[in-house]
Amino acid sequence: MRQILVTSALPYANGPIHLGHLVEYLQTDIWVRFQKLYGNRCIYICADDTHGTAITIRAQHEGRSEEELIAQVSQEHLADFGGFGIAFDHYGSTNSEETRQYCHEIWQALRDADMVAERDIEQLYDVEKQSFLADRFVRGTCPKCGAKNQPGDNCGSCGETYSPSDLIDPVSALSGTTPEIRSAKHLFVEIEKLHGFLDEWTQSGTLPSESANYLKGFFLNQALRDWDISRPGPYFGFEIPDSPGNYWYVWFDAPIGYIGTSKQWCDLHGENFDDWWRNPESEIHHFIGKDIQYFHTLFWPAMLKTAGFTLPTKVHIHGFLTVDGAKMSKSTGTFVRASKYLEHLDPAFLRYYYASKLNSKVEDIDLNLEEFVARVNSDLVGKVVNLASRSAKFVAESGLSATYPDDGGLFEKFAAEGGAIAASYEAGDFSKAMRAILDLADLSNPYVETNAPWELRKDPEKAQQLQDVCTVALNLFRQLAIYLSPVLPDLAEKAGALLNDPITSWEQAKTPLVGTPVAKFQHMLQRVDPKKVEAMIEESREEAPDTQVVAEVSGTAAVDDSDQPLKDEPIAPEITIDDFAKLDLRVARVITANEVPEARKLVQLTLSLGGDERRNVFAGIKAAYEPEALVGRLVVMVANLAPRTMKFGVSEGMVIASGPGGDDIYLLSPDDGAQPGQRVR
RNA sequence: GGGCCUGUAGCUCAGCGGUUAGAGCAGGGGACUCAUAAUCCCUUGGUCGCGAGUUCGAAUCUCGCCGGGCCUACCA
């Protein structure tokens, strides 16, 4: 029997769980349930990731302590996970004494190995908030292209990368004040000292090959940089014991949360911690998204190695979720919270749909809503559940036959498939497992069809035959329920209740069930109602701020808009009316709009300011607007902006729009009646 | 610009050197009526992105091109 400790990445205690997160937690939960069913010793550990500046900012904004915030978010997370049947053996928090203890231990090991260096680095400091500013909490003008209001690490307009101190007119996102440059001591882990170990470990089959290649070609082909793991206080986190006033960076203690939370579980269950984390026989499996490979495949094994913990056996890496082929988007309603989903739909639907899509590759998966409905209804309701639904009631009186009848080898065939299905589960290739199971289901209904129990029942002399046919159908159904139970635990439970024999082990699929009573059949799964899917999307859209809707609200009627945009980008320093007058905004009509094929973001526009006045403008709105759809409409442009030579030509102004970027861009349009050339003031 | 992944029936995908390329769904025709407008049978549908090469033989291997995606651009 294998002994397996499994983790999912720790969700950040700064926001709700959404359908994208659930890919990982459902993937992990299915894998863990499979291991348990298969008879392996397996525990599933997870926790909230609670430290860092973002937590402090949100807590301050909401006028409460960080501890209060993370306690509440933890409850919300647990409710969401519970609602989807995600069964952790223990769910903790990185803000725990156990995690602190292992941070100390690992830190000491790094010190002992002489892997810690100290250096002063310059960083922007918010005097009012008495806080150093992480890159993304500083905004200012790009030193290269002059684009305003860019984040502290790279320019969203020209793509230039720089450090926050290079920004022109930097502004703190915390207070809106101008930060100053201050020097502070930071601590670095010299991971290069384990380069040789990492070369070997990353290529030893612990990672998907895509990831192994990526690391090899991108990081391990050169000297590994020192990892800055400290932040000067105040910082919500753990203070570094031998460096007072400095705190561990959130990504230092987050993975240690796996260990700290394991320790909590051990203490609660009388288990020996070293048996799990200092034991070469123990397997450690991490499930993560491709965005955090870097931390889990370089720093994390380096830390474990140095401190003498069990190294991860496997890191399972999944891609991102798209919905209907596009990134999840609040404005289209495809950014769906877990709690919102649960208001409308059965979690079993999503568990099955994700399972039918997931494989062991680092690939993005798409939630196609139409396919979601069709697949669940056709596969689960039409094929699997239908098998029980159409046969159980004929044997509600008699129960299953005392001996298993001749079924032409069907049961044996189903049993024989168990090995291959188990192997697919083990490999994380759930889509393959689902296909194999559904192939079996496709053999089941024809059996019922040809043996027609509804005919047999008409003839009292054929009672035994009737019971036999239903015994076969229900046994096949039971095998399917066993194979599906990691994905659909509720269905397995109902199948157990129907046949008065709980499903507890994979092995049960090898032996026919006979002689048990059969309960009255009750629906095991409702069909997916497309209207409910629609409603879920619709309500998710309504929760996102939408200027169109707001504009229609009259007077001072309450509008429940999110404060997120303002938090993301605080109001800029005050200006005078004269400052504003420098800006010449004009109404303009789009005369032509063309794709710029070589450009990722740009659309080329010819704007008319009335009469013969034309402007050529490149606008970074390709992801949000089809050029054809722009022709003829009115926009607002900055008419007196200095012309700028771009790779594809000269841009003579800019059209103004709101939104964070990507496909979330909203052009401003004047109300009806406005004329091209009119000034906007 | 670089790296990785990907392009097979309307849709989702399987096949990854060897007989006339498959499944499910959708479409068409029929049957049944036990079952959640479920099921069963039959059936339409593909120059396997394009072009070269290797081979007795390529959807499958190699190269080039075209299209899609993700990641990167001295940076975690």
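Presented here is a report on the structure given in the accompanying data block. (Residues numbered from 1 in each chain as written. Chains lettered and ligands numbered in written order. Predicted model: local features only at pLDDT ≥ 70, side-chain atom pairs only at ≥ 80, totals over all residues. Heavy atoms only, no water.)

## Quick notes on the nonpolar core
One recurring pattern in soluble globular proteins: nonpolar side chains tend to sit buried together. Core analysis: the biggest nonpolar cluster contains 161 residues, and F252, W277, Y354, F372 and Y425 have the highest contact counts within it. In terms of residues, this core owes the most to one element, helix α16 (residues 463–484), which gives 13 residues. Summarising the domain contributions, this core has at least three residues from each of domain 1 (3–95 + 257–320) and domain 3 (346–510). Apart from the residues lying within four places of it in its own chain, the contact partners of Y354 are L19, L22, V23, L26, L321 and I365. Formed by 18 residues, the second largest nonpolar core is a distinct cluster that contains A588, L609, L630 and I665. (Core = buried A, V, L, I, M, F, W, Y, C linked by side-chain atoms within 4.5 Å. Buried < 20%, exposed > 50% of the residue type's maximum accessible area, 1.4 Å probe, protein only. Helix = DSSP H or I, 4+ residues; strand = E, 2+ residues; numbered from the N terminus. Domains from an automatic or database assignment. Contact = heavy atoms within 4.5 Å.)

## Here we look at the pattern of salt bridges
Evaluation of the coordinates by the stated rule reveals 35 salt bridges. Note that K185 is salt-bridged to E118, the shortest N-O span being 3.6 Å. Of this pair, K185 sits in strand β9 (residues 180–189) while E118 sits in strand β4 (residues 116–126); the two residues are 67 residues apart in sequence, bridging distant segments of the chain. Looking at K185, the relative accessible area reads 32%, which means it is partly exposed. For the salt bridge of R375 with E371, the shortest nitrogen-to-oxygen distance reads 2.4 Å. Here R375 and its partner E371 are both found in helix α12 (residues 369–389), four residues apart, which amounts to about one turn of the helix. For R375, a relative accessible area of 29% corresponds to the partly exposed category. (Salt bridge = Lys/Arg side-chain N within 4 Å of Asp/Glu carboxyl O.)

## Thoughts on the side chain of N40
Mapped onto the fold, N40 is located in the loop between α1 (19–38) and β2 (41–48). A polar atom in the side chain of N40 sits 3.2 Å from the backbone nitrogen of R2. Non-local contacts of N40, meaning those with residues more than four positions away in its chain, are made with M1, R2, I4 and Q35. (Polar contact = N/O pair within 3.5 Å; in protein donor to acceptor, adjacent residues only side chain to side chain.)

Read these as geometric descriptors, not functional statements.
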